[in-house]
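Fold and contact review
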Amino acid sequence: MKKDPPSEENTEMNVLSSGAATSSIYSLDKIKEVENKNMIYGIDDRPPWTSVVLMGLQNFSVSFSGMLTIPLLIAGPLCMDKDRITMSQLIGTSFFMCGITTLLQTAIGSRLPIVQGASLTFAVPIMVMMRIKGPCPLSLNDNSTTEEVEFVREVANERMQEAQGSLILASLGQVIVGLTGLVGLVLPLIGPITIATTLILIGVPLIPIASDACGTHWGISSMCILLIVFFSQFLDKYRIPCPGRKKFALFTFFPILLAVGITWVFCLILTITGVLSEDPSERGYQARTDIYNEAIRNSRWIRLPYPGGN
């Protein structure tokens, strides 16, 4: 049987569809070309170990604020906020457990390339539970005696042990939900609205902590923020010559690390020259780099946290 010759309409449609397909392929090729041009390392590439270490340090510094949220929120109800040594132990314990859970989830868990932080889900119950126990019996200051400090630490350790036991029991509920597969029944009910609301609830508690920390010296805080924006948005296209290797994308890889380092060195210079006041009541005191020297000297460098321990 002879095929009918293609009509003008069909010929025109074929040409248009062919042109659209060609245009689509061309657009995809252009997108891939732009992506490859802007991409420094591919999926199968292995960056130098020095870059990996520094990028890991920067990732940790970015996650730093999130991991600090829980200790800063519960330090007051646990009567630890005025004792810098006990506060350092609380923060160290939080970081230690975040590291352990990160290793577990990257090795035998979901294996996501993320830093596993503490959950804000348990922070509010701890704060409510400690509020029921009443306010702290004593508030420490620079003139507190050794007996007063030891008394407050005993109260803080007692409250911490009570909070630890509650967390262990509450965590068993999550284990049961995960092992029994109950989460699969709830998953269809989780949509964009639920996720967006959850993210907002997670982010809102960070606002007062960040504002209070920045409010101790808005000049230094603004300097750090502006440096991060300047390095990441305006200098990211520039490459720095390095001996023995190609030009290095320093500002692309380490905008936050550079900004924090430069800001800290600037504060160190202001501290050494006496520009920042040594009086705790003065505004510039919180920007000094030596206000935590005592806590660093008196804290243990190696400490293994364990449930029920101090």
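Residues numbered from 1 in each chain as written. Predicted model: local features only at pLDDT ≥ 70, side-chain atom pairs only at ≥ 80, totals over all residues. Heavy atoms only, no water.

**As for the UniProt feature "transmembrane region" (unreviewed entry) in the protein chain**
Condition: UniProt positions are given in the numbering used here, feature names are shortened, and annotations may be inferred rather than shown by experiment. Strands here are runs of E lasting at least two residues and helices are runs of H or I lasting at least four, both read from the DSSP assignment and numbered beginning at the N terminus.
UniProt annotation of "transmembrane region" (unreviewed entry) refers to residues 57-78, 90-108, 175-204, 216-236 and 248-276 when read in the numbering used here. When the span residues 90-108 is considered, its composition is 95% helix and 0% strand, and the gap between its end C-alpha atoms is 27 Å. Annotation note: span residues 216-236, helix share 76%, strand share 0%, distance between end C-alpha atoms 30 Å.

**Regarding the state of the cysteines**
As a reminder of what qualifies: By definition, disulfides here are pairs of cysteine sulfur atoms that lie within 2.5 Å. For every residue, the accessible area (1.4 Å probe, protein chains only) is compared with the maximum for its type, and the residue is labelled buried under 20%, exposed over 50%, or partly exposed between those bounds.
Scanning the model with the defined rule gives one disulfide in all. Across the disulfide from Cys-79 sits Cys-136; the S-S distance is 2.1 Å. Looking down the S-S bond of the Cys-79 and Cys-136 bridge, the torsion is -105 degrees, so its handedness is left-handed. With Cys-79 in the loop between helix 2 (49-75) and helix 3 (84-107) and Cys-136 in the loop between helix 4 (123-133) and helix 5 (146-180), this residue pair connects regions lying 57 residues apart in the sequence. A relative accessible area of 29% places Cys-136 in the partly exposed class. Left without a disulfide partner, Cys-224 is nearest to the cysteine sulfur of Cys-214, which lies 8.5 Å away. Residue classification places Cys-224 among the buried positions, given a relative accessible area of 18%. Looking at Cys-267, it has no disulfide partner, and the nearest cysteine sulfur is the one in Cys-224, 9.0 Å off. A relative accessible area of 6% means that Cys-267 is categorised as buried.

**Digging into helix 4**
Going by this rule: Each direction from the helix axis to a C-beta atom contributes to the arc, which is the arc of those directions. In what follows, a contact means two residues having at least one pair of non-hydrogen atoms within 4.5 Å.
Taken as a whole, helix 4 has its buried residues at Ala-123, Ile-126 and Met-130. Looking down the long axis of helix 4, one finds its buried residues gathered within 65 degrees of arc, a one-sided arrangement. Summarising the geometry of helix 4, the exposed residues directed more than 90 degrees from the buried face are Val-124, Arg-131 and Ile-132. In this fold, the buried residues of helix 4 make contact with helix 2 and helix 5. In the stretch just after helix 4, Gly-134 is the one whose phi turns positive, near 105 degrees.

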